[in-house]
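Analysis of the macromolecular model
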Amino acid sequence: MRWMMALFIALLLALPAAHAVQPDEIMSDPVKESRARELSRELRCMVCQNQSIDDSDAPLARDLRLLVRERIAAGDSNSQVLDFLVARYGEFVLLKPRFERQTLLLWLLGPVLLLGGGLALWLQIRRRARSGVDVPAPPLTPDEQARLAALISDDAKSS
């Protein structure tokens, strides 16, 4: 029973290492294959959209993986391969878009919204703190003072 549990855990740990790259796609040169895998992790599967072509089983992802390996085999650098794919498929093919004029809003919108939210929260806290100090509690009516005195005397007697 213990060895079955160990086998199950080993299989679970090995699952994230499983990729969609087929054996017939792997390049014979380990250095070039490593470059191809690195590039494949940066490219978006156009079918799956939130998955890299390295992880996707879609036929288009396979075609893109083969195209990357073909460009590497032809002697292209990593940036040349990415430039080729962006020219062919557009900026959307990159999982992490480049910081350019066209993608400026995409890159800056998150930090701007975070800073704006932080500023709004800070202003709200300041406004609440300021309003709490300026408004004193109204004085107790004679009825309320009598009830309070009665409660305090009852509490003192019971202690």
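The coordinates are above.
**Some details on the pattern of salt bridges**
Overall, the coordinates contain 5 salt bridges when judged by the stated rule. E33 is the partner of R69 in a salt bridge, and the nearest nitrogen-oxygen pair spans 2.8 Å. Placement of the pair is R69 in helix α3 (residues 59-73) and E33 in helix α2 (residues 30-42), with a sequence separation of 36 residues. A salt bridge links R98 to D83, with the shortest nitrogen-to-oxygen separation between them at 2.9 Å.

**Notes on α3**
One turn of an α-helix holds 3.6 residues; hence residues three or four places apart share an orientation. Taking 1.5 Å per residue as the helical rise, α3 with its 15 residues ought to reach 21 Å, and the 21 Å between its terminal C-alpha atoms agrees with that figure. Within the span of α3, buried status applies to A61, L64, R65, L67, V68, R69 and I72. Of the surrounding elements, those touching the buried residues of α3 are α2 and α4 (78-89). Of the residues trailing α3, G75 is marked for its positive phi of about 100 degrees.

**Digging into the nonpolar core**
Residues L43, I53, V68, I72 and L85 are the most contacted members of the largest nonpolar core, which totals 18 residues. Secondary-structure elements contributing two or more residues to this core are α2, α3 and α4. Among the elements that take part in this core, α3 stands out by supplying 5 residues, more than any other. Discounting residues that sit within four places of it in the chain, V68 has contacts with A36, L39, L43, I53, V81 and L85.

Here is what the cut-offs are and how they apply
Residues numbered from 1 in each chain as written. Predicted model: local features only at pLDDT ≥ 70, side-chain atom pairs only at ≥ 80, totals over all residues. Heavy atoms only, no water. Salt bridge = Lys/Arg side-chain N within 4 Å of Asp/Glu carboxyl O. Helix = DSSP H or I, 4+ residues; strand = E, 2+ residues; numbered from the N terminus. Expected span 1.5 Å × (residues − 1). Buried < 20%, exposed > 50% of the residue type's maximum accessible area, 1.4 Å probe, protein only. Contact = heavy atoms within 4.5 Å. Core = buried A, V, L, I, M, F, W, Y, C linked by side-chain atoms within 4.5 Å.

This is a description of form; function is not addressed.
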